[in-house]
Amino acid sequence: MEFLVKETDEDTFFRLVLGLVVPRPIGWVSSVSKEGITNVAPFSFFNAVNDYPPVFMVSIGDRDDGSFKDTVKNVLDTGEFVINLVSQENFREMLKTAEELPPHVSEFEVAGLSEEKSKLVKAPRIKESKASFECKLYKHMKVYDMHVIFGEALLLRVDDRIVDEKGRVDFNLYKPMGRLGGKFYVKAFGDGVIEV
Ligand SMILES: Cc1cc2nc3c(=O)[nH]c(=O)nc-3n(C[C@H](O)[C@H](O)[C@H](O)COP(=O)(O)O)c2cc1C
């Protein structure tokens with residue numbers, strides 16, 4: 001099959017991209033509003049784009065009514081956020097944080113997650129996450145309708161048990177989760193790992 005982009009409807013092409021560009025890591029972004037309300041949401045249009053200084057990107061669409069998602073609003077208002085990473089142990093909580101809530105309600109509470117004070121930014125880290133990058137906004141740009149948020153990490157807090165002093169990660173302890181298309185996810189550890 002071939003799909004000529006300009007002759008394919010948006011939903012079909014989106015489904016194709018989501019199902020084929022896999023597995024995607026999940027950037028679990030915590031942020032805080034100008035008014036001090038904390039927020040958490042997952043994004044799988046996420047990746048590292050520079051190794052040192054570490055820079056990450058998260059690509060975020062608008063809501064159906066055209067308004068900004070809380071994450072975009074908070075990051076543009078405060079210039080700061082935290083990218084937390086998802087493991088099997090906090091996967092269910094991550095799913096709960098994708099629900100659309102009014103801006104005055106914090107996903108921390110709804111998902112039963114604990115806020116942990118960050119060292120260098122106002123946005124809290126997710127205590128239950130095994131690794132969190134405290135970021136300042138490096139750049140915001142629009143790619144068609146998406147807000148691409150680039151964050152430069154100033155500090156990484158990582159669970160001592162999953163890394164050694166040289167920065168090598170033990171995937172069987174980290175237990176990272178990746179996103180496939182639709183309702184499918186993948187466990188990127190155990191039998192899912194091939195050593196070459
Ligand atoms: C695993 C997962 C990945 C997601 N990835 C994205 C994404 O890359 N971009 C996006 O705009 N929304 C994505 N979403 C949807 C957002 O998480 C959702 O719209 C959320 O309510 C936004 O929250 P906010 O308004 O608090 O920022 C994803 C949802 C899930 C469950």
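Just above sits the structure.
Attention here is on the structure that accompanies the text. Residues take numbers from 1 onward in each chain, read along the sequence in its written order. Side-chain atom pairs in this predicted model are given and counted only at pLDDT of 80 or more, local residue features only at pLDDT of at least 70, and totals for whole chains, interfaces and linings cover all residues. Excluded from the side-chain calculation are hydrogens and water; included are all heavy atoms of the structure.

### Focus on the packing of aromatic side chains
Selection criterion: Side-chain rings of Phe, Tyr and Trp (the six-membered ring for Trp) are treated as a pair once their centres are within 6.5 Å; stacked means planes under 30 degrees apart, edge-to-face means over 60, and tilted covers the remaining angles. Put simply, DSSP marks the helices as runs of H or I at least four residues long and the strands as runs of E at least two long, and each gets a number from the N terminus on. Only protein chains enter the area calculation, which uses a 1.4 Å probe; residues under 20% of their type maximum are buried, those over 50% are exposed, and those in between are partly exposed.
Inspection of the entire model under this criterion finds 4 aromatic pairs. For the ring pair Phe91 and Tyr185, a centre distance of 4.8 Å and an interplane angle of 70° mean the geometry is edge-to-face. Here the residue Phe91 occupies a position in helix 3 (residues 91–96), and Tyr185 occupies one in strand 11 (residues 185–187), the gap between them amounting to 94 residues. Assessed through its relative accessible area of 9%, Phe91 is described here as buried. Each member of the aromatic cluster is reached from another via a ring pair, and the members are Phe46, Phe56 and Phe133.

### A short note on the side chain of Ser44
Convention followed: A contact between two residues is defined here by any heavy atoms of the two lying within 4.5 Å.
Mapping Ser44 onto the fold places it in the loop between strand 2 (38–43) and strand 3 (46–50). Owing to a relative accessible area of 10%, Ser44 belongs among the buried residues under this scheme. Not counting residues within four places of it along the chain, the set of residues in contact with Ser44 comprises Arg24, Pro25, Ile26 and Arg179.

### Some words on the pairing of strand 9 (residues 146–158)
Convention followed: Note: two strands are recorded as paired if DSSP finds a minimum of 2 bridges between them.
As paired elements, strand 4 (residues 55–60) and strand 9 share 6 bridges and run antiparallel to each other. The residue of strand 9 that forms the bridge with Ser59 is Val148. Bridge count between strand 8 (residues 131–143) and strand 9: 12 bridges; the pairing is antiparallel. When the sheet's bridge partners are listed, Val143 is paired in strand 9 with Met146. Between strand 8 and strand 9, which follow one another and run antiparallel, lie 2 residues, and Tyr144 among them has a positive phi close to 50°.

### Digging into the layout of surface pockets
Selection criterion: Think of a 1 Å grid over just the protein atoms. A cavity is a set of points where a 1.4 Å probe fits yet cannot get out, a pocket is an open set with protein on both sides within 12 Å along at least five of seven lines, and lining residues have an atom within 4 Å of a point. Grid points are joined across faces, edges and corners, and a volume is the space filled by probe spheres set on the points. Each residue gets one label: Ala, Val, Leu, Ile, Met, Phe, Trp, Tyr, Cys and Pro are nonpolar, Asp, Glu, Lys and Arg are charged, and the others, such as Gly, are polar.
When its volume is computed, the largest pocket comes out at roughly 1500 Å³. Looking at the largest pocket, it is lined by 43 residues, and the ones nearest its centre are Phe14, Ile60, Gly61, Lys69 and Met146. For the lining of the largest pocket, the secondary-structure elements that each account for two or more residues are helix 1 (10–20), strand 2, strand 4, helix 2 (70–78), helix 3 and strand 9. Broken down by element, the residue count for the lining of the largest pocket peaks at 8 residues, all from helix 1. Class assignment for the residues of the lining of the largest pocket results in 20 nonpolar, 10 polar and 13 charged. Approximately 590 Å³ is the volume found for the second largest pocket. If you trace the second largest pocket, you find 28 residues lining it, with Pro25, Leu85, Phe133, Val169 and Tyr174 closest to the centre. Mapped by element, the contributors of at least two residues to the lining of the second largest pocket are strand 3, strand 8, strand 9, helix 5 (171–174) and strand 10 (177–179). Of the residues in the lining of the second largest pocket, the class split is 22 nonpolar, 4 polar and 2 charged.

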